[in-house]
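Per-entry structural report
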4 protein chains.
Amino acid sequence: MPGWVIEKYPAQIDLLARHGHEIGLHGYLHERSNEIRDELYWLGRGLDSYKAHLGKGPRGWRAPSFAFSKHSLRALLDAGVEYDSSLMGDDIPYALRDADSNRSLLELPIDWTLHDFPHYAHNRDLGYRMPISAPQRAMEVFRSEFDGAWEFGASWISVWHPALSGRLARFKAVLELVDYMRDKGGVWFARLDQICDHVQRLIADGRWTPRVETLLRSAESR
Amino acid sequence: MPGWVIEKYPAQIDLLARHGHEIGLHGYLHERSNEIRDELYWLGRGLDSYKAHLGKGPRGWRAPSFAFSKHSLRALLDAGVEYDSSLMGDDIPYALRDADSNRSLLELPIDWTLHDFPHYAHNRDLGYRMPISAPQRAMEVFRSEFDGAWEFGASWISVWHPALSGRLARFKAVLELVDYMRDKGGVWFARLDQICDHVQRLIADGRWTPRVETLLRSAESR
Amino acid sequence: MPGWVIEKYPAQIDLLARHGHEIGLHGYLHERSNEIRDELYWLGRGLDSYKAHLGKGPRGWRAPSFAFSKHSLRALLDAGVEYDSSLMGDDIPYALRDADSNRSLLELPIDWTLHDFPHYAHNRDLGYRMPISAPQRAMEVFRSEFDGAWEFGASWISVWHPALSGRLARFKAVLELVDYMRDKGGVWFARLDQICDHVQRLIADGRWTPRVETLLRSAESR
Amino acid sequence: MPGWVIEKYPAQIDLLARHGHEIGLHGYLHERSNEIRDELYWLGRGLDSYKAHLGKGPRGWRAPSFAFSKHSLRALLDAGVEYDSSLMGDDIPYALRDADSNRSLLELPIDWTLHDFPHYAHNRDLGYRMPISAPQRAMEVFRSEFDGAWEFGASWISVWHPALSGRLARFKAVLELVDYMRDKGGVWFARLDQICDHVQRLIADGRWTPRVETLLRSAESR
């Protein structure tokens, strides 16, 4: 949730929280961190809005437009964020390690394939001049990704928006997809913070070691 | 209908009106209200052309390119327009309230999904470099939207253009879609002014209250 | 055929002509007539190349990128061209009349729907970043257009390019489409110059009058 | 493989080589040769990185973004490269002859149709705002191209990327496609260097003569 939205629609945030949804942080005004000069200022404003309304900081962050910057890792670690979900470097969770401080953030990876814009967006202001798929066509894509993840034991994290996937015709198709997943069995439906808990426990217990991607300081001067 | 078109093709306007079609206003030269400096001048020219030929002002407005500006609400209310059909904020009609004057415009919402450009447009001058769908593929989308609207009792408002949806192959598919809707039953086929009448009556009789979206003056200085 | 191509590949032009194909003119270097300053110069060069190799001027013209300019009608009439095939104003042939001189050009209309770029093009240099359809998907579109034209007695004029529609997989699908058209019956397969002959004869015999679109001089100062 | 990647990920290069894959050269930083000023410098850096790690120069080159420049032919010949695989001028291998030196490079042609970006890419930074196809839709295209190539005895060269075609759902579909090809029979699965060997042998034995495309010096001043 962008900080601005938390400020303007507090009742909707409460409604979401009351129904068991996790509230993650998603920038302040959906700014692209890697294209603005004062990215830390805007991260701070987002964190402030979040804390002011929810009483504590967010456990998870998704960069608006997936624009994770070269400063993001350290800034998120400093803010106490435990996981990021903006990068596309694997099919299962992995770790982002800051070479200088040796601290790590958990990465819960996403992919454009499981985002709803490629299937449903058409918006001249955003430069989206493209065909709109029927719900059953989009579900072909989402289901094929699920089948692949199911067969090989990977994670499947969708990025869906109320104005697109929330339309009546499309949400009917979402419900059918969830039924398909349930029927297939052996699937854990979880919030990202629950996945984060689970992975942290596995690591703490020494039962699993994530692949580590180390971000060097030299990345900043690239 | 853009005002310029009314001026240049009055016989076609009369033909449409004679066959029971509603004539709404759609700008003067299909200008984007939110990108031009003198938007009220062009709104005025559109209104003048409309009144000069049709004898009275339009009941409904659709912003060219759906570009409803921060001045549109007040300007349309001042012009006596009763409904707008350019925004995408709901699945059923709702009200746009001007916070200062407490006056409201009815919104009959549309969506790019029910527009024919995403399915059929290809035009380099407009930046539309994209695949053209077969009529049956476009109808998959339109029909799924209809089925969703039908199941939950929502409105379904298409935005179709003669040069695209009016092609022989496509209009055959439109006729089949209309048959499908008829066969399903429980559907009211209506012009937008008739929907406006219906909703106004429900409100006046106290039988239904629309969701209200209030536009603040502060929106102007955002 | 662009004039430059005629100059550089005369043997290929002869091969086409020998196999009964019509050679129309398509600019000199595929320039967009409506975006260049010296459009008449380039039209002249195209005509010169054409005449130098083929012995007489072209009967038909298709504007590169369909960019028929405000000067095109008069210039083509002056050059003795009999038909244009660049505009999208109808489902059957019609006439373009020059208001000043009262001369007319026959228009054999095309449409992006029957062009192969929307279905097969992907080329970063031309700004075509879009999906490539399978041949059977493109044929769904072409066949639906054919079925529409067949039912209502319209023309069906494809704009296909060797580098796209000429690929092995796609041309196999073209052959199947031609079989489909043949089997349906009642179809005249003709070159554009033959259609031009046919329409000219119908008009001369008084058996048919085309719809006339008049281009005013005022169009130039628009 | 871009030279930079060879430098940064030598272990991965070794892994690929150990498993029987060919390592071709693909620029240094995926630069577009035809848009940069110092293209020969970057070609040199790519060659240096390649030789430093692999002990000898590459046999094959694929221009990043397929941007084969007017200097590429001579520069690749000077570097001892034996084949290029960046151009789209035929369905089977052909020769690129340098008119001045009468030396030739073998061209193993590709096409956007067999590239995975048109089917799977969606990336705002690269300007790819387009739908993502389901694996089975992409395979329709790849399989139709294969069927065409199979029927007429042509080559079929895919350009697939780990981050796109390597996703679990998609690679499952790739495996099915390979099974389909195997079952059809009469197919040679080969690396590009093996195809190069084969064609060179056919030419040396006088059993086959490739079509020759001659690049003139005048091409440079075009």
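The rules behind each value
Each residue is numbered by its place in its chain's sequence as written, counting from 1. The naming scheme follows written order: chains are lettered A onward, ligands numbered 1 onward. Reporting in this predicted model follows two pLDDT cut-offs: at least 70 for local features of residues, and 80 or more for side-chain atom pairs to be given and counted; totals over whole chains, interfaces and linings ignore these cut-offs and use all residues. The basis for every side-chain value is the complete set of non-hydrogen atoms in the structure, without hydrogens or water. Whether two residues are in contact is decided by their heavy atoms: any pair within 4.5 Å suffices. Put simply, buried area is how much 1.4 Å-probe accessible surface two parts lose in total, over both of them, once they are put together. In the sections that follow, a salt bridge refers to a side-chain nitrogen of Lys or Arg positioned within 4 Å of a carboxyl oxygen of Asp or Glu. Should DSSP find at least two bridges between two strands, the strands are taken to pair. Numbering of helices and strands starts at the N terminus; helices are DSSP runs of H or I of at least 4 residues and strands are runs of E of at least 2. Burial classification: accessible surface area is computed with a 1.4 Å probe over protein chains only, and a residue below 20% of its type maximum counts as buried, one above 50% as exposed, and the rest as partly exposed. All amino acids are sorted into three groups, where Ala, Val, Leu, Ile, Met, Phe, Trp, Tyr, Cys and Pro are nonpolar, Asp, Glu, Lys and Arg are charged, and the leftover types, Gly among them, are polar. None of His or the chain ends enter the tally, which takes Lys and Arg as positive and Asp and Glu as negative. The definition of a polar contact used here is a pair of N or O atoms within 3.5 Å, where within protein one atom must be able to donate a hydrogen and the other to accept one, and adjacent residues in sequence count solely through side-chain atom pairs. Least-squares superposition of the copies uses the C-alpha atoms of those residues scoring a pLDDT of at least 70 in each of them. Expected helix span is given by 1.5 Å per residue-to-residue step, counting one fewer step than there are residues. The arc refers to the directions leading from the helix axis to the C-beta atoms. pLDDT: the predictor's confidence for each residue, scored from 0 to 100. Side-chain rings of Phe, Tyr and Trp, where Trp is taken by its six-membered ring, are said to pair if the distance between their centres is within 6.5 Å; with planes under 30 degrees apart they count as stacked, over 60 as edge-to-face, and otherwise as tilted. Counting as a charge over the ring demands two things of the Lys NZ or Arg CZ atom: a distance within 6 Å of the ring centre and an angle within 35 degrees of the ring normal.

Let's talk about the interface of chain B and chain A
Counting residues at the interface gives 26 residues for chain B, matched by 18 residues for chain A. Interface area for chain B against chain A, summed over the two sides, is near 2,000 Å², with a carbon-plus-sulfur share of 51%. Remark: the boundary between chain B and chain A carries five salt bridges. One salt bridge connects B:Asp111 with A:Arg167, and the closest N-O pair in it is separated by 3.0 Å.

Topic: the sheet that holds strand β3 (residues 94–98) of chain B
Within a sheet, neighbouring strands are paired by backbone hydrogen bonds and run either parallel or antiparallel to one another. All names here are of chain B. A sheet is described by the order of its strands in space; here five strands give the open sequence β1-β2-β4-β3-β5, paired in mixed fashion. Each edge of the open sheet is held by one strand with a lone partner, namely β1 (60–61) and β5 (212–215). Alignment of β3 against strand β4 (residues 104–107), held across four bridges, turns out to be antiparallel. Paired with Ala-95 across the strands is Leu-106, a residue of β4.

Considering the environment of C:Trp188
Residue and element names in this part refer to chain C. Looking at the secondary structure, you find Trp-188 in the loop between α8 (168–184) and α9 (192–204). Under the relative-accessibility criterion, Trp-188 is labelled exposed at 51%. Through-space distance from the C-alpha of Trp-188 to that of Ser-155 is 9.4 Å; in sequence the pair is 33 residues apart. Once you skip the residues sitting within four places of it in the chain, Trp-188 turns out to touch Gln-194, Ile-195 and His-198.

Some details on the interface of chain A and chain D
With 26 residues of chain A at the interface, the matching set in chain D holds 18 residues. In this assembly, chain A packs against chain D so that about 2,000 Å² is buried in total across both faces, 51% of it on carbon and sulfur atoms. Those elements that provide at least two residues to the side of chain A that touches chain D are α5 (117–120) and α6 (135–152) of chain A. Sort the elements by how many residues they give to the side of chain A that touches chain D and α6(A) lands first, with 10 residues. Taken together, the residues that form the side of chain A that touches chain D break down as 11 nonpolar, seven polar and eight charged.

Observations concerning the sheet that holds strand β4 (residues 104–107) of chain A
Residue and element names in this part refer to chain A. A sheet is described by the order of its strands in space; here five strands give the open sequence β1-β2-β4-β3-β5, paired in mixed fashion. A strand with exactly one partner marks an edge of an open sheet, and here the two such strands are β1 (60–61) and β5 (212–215). With two bridges joining them, β1 and strand β2 (residues 83–84) adopt parallel strand pairing. Bridged to Gly-60 within β2 is Tyr-83.

Some remarks on the side chain of A:Glu107
Residues and elements named next belong to chain A. Mapped onto the secondary structure, Glu-107 falls in strand β4. Among buried charged residues, Glu-107 stands out as having no salt bridge; its nearest opposite-charge side chain is Arg-62, 7.5 Å away. Only 3.1 Å separates the side chain of Glu-107 from the backbone nitrogen of Ser-86, close enough to count as a polar contact. Once residues lying within four places of it in the same chain are set aside, the contact partners of Glu-107 are Asp-84, Ser-85, Ser-86, Leu-87, Pro-93, Tyr-94 and Leu-96.

Notes on the relation of the copies chain A and chain D
Turning chain A through 90° and shifting it by 0.0 Å along the axis lays it on chain D, with an RMSD of 0.0 Å. Look at the turn and shift together and you get a four-fold axis relating the two. Every residue of chain A has its C-alpha some distance from the rotation axis, and the shortest such distance is that of A:Met130, at 4.1 Å. Comparing interface residues between copies, only 12% of those in chain A also sit at the interface in chain D, which points to a heterologous contact through distinct surfaces.

A short note on helix α8 (residues 168–184) of chain D
An ideal rise of 1.5 Å per residue puts 24 Å on 17 residues; α8(D) measures up with 25 Å between its terminal C-alpha atoms. Turning to α8(D), its buried residues number three or more, namely D:Ala169, D:Arg170, D:Ala173, D:Val174, D:Leu177 and D:Met181. Mapping the buried residues of α8(D) onto a view down its axis gives an arc of 140°, with all of them on the same face. Of the residues in α8(D), the exposed ones pointing more than 90 degrees away from the buried face are D:Glu176, D:Arg182 and D:Asp183. The elements touched by buried residues of α8(D) are α6 of chain A together with α5 (117–120), α6 (135–152) and α7 (162–165) of chain D.

What about the confidence of the model for chain A?
Of all residues in chain A, 97% have pLDDT values of 70 or greater, and the mean over the chain is 96. On the interface metric, ipTM, the complex scores 0.92, and its pTM is 0.95.

Things to note about unusual backbone geometry
Although it is not a glycine, A:Asn102 adopts a positive phi angle of roughly 65°. Within the element layout of this structure, A:Asn102 appears in the loop between β3 (94–98) and β4. Backbone geometry places B:His30, a non-glycine residue, at a positive phi of 60°. Position of B:His30 among the secondary structure elements: in the loop between α2 (10–18) and α3 (39–54).

Quick notes on the packing of aromatic side chains
As enumerated under the stated definition, the model contains 28 aromatic pairs over all chains in all. Aromatic pair A:Phe117 and A:Tyr128: ring centres 5.3 Å apart, planes at 75°, arrangement edge-to-face. With A:Phe117 in helix α5 and A:Tyr128 in the loop between α5 and α6, the pair connects residues that are 11 residues apart, well separated along the chain. The exposure class of A:Tyr128 is buried, given its relative accessible area of 1%. With 5.8 Å between their ring centres and 85° between their planes, D:Trp156 and D:Trp160 make a pair best called edge-to-face. By the ring-pair criterion, three or more aromatic residues cluster together here, those being A:Tyr28, A:Tyr41 and A:Trp42. When the ring centre of D:Trp150 is taken as reference, the NZ or CZ atom of D:Lys184 above it lies at 4.8 Å.

Focus on helix α9 (residues 192–204) of chain B
Residue and element names in this part refer to chain B. The terminal C-alpha atoms of α9 lie 18 Å apart, and with 13 residues this matches the ideal 18 Å at 1.5 Å per residue to within 8%. If you check which residues of α9 are buried, you get Leu-192, Asp-193, Ile-195, Cys-196, Val-199 and Leu-202. The inward-facing, buried residues of α9 abut β2 (83–84) and β4. Remark: Gly-206 follows α9 within two positions and exhibits a positive phi of approximately 70°.

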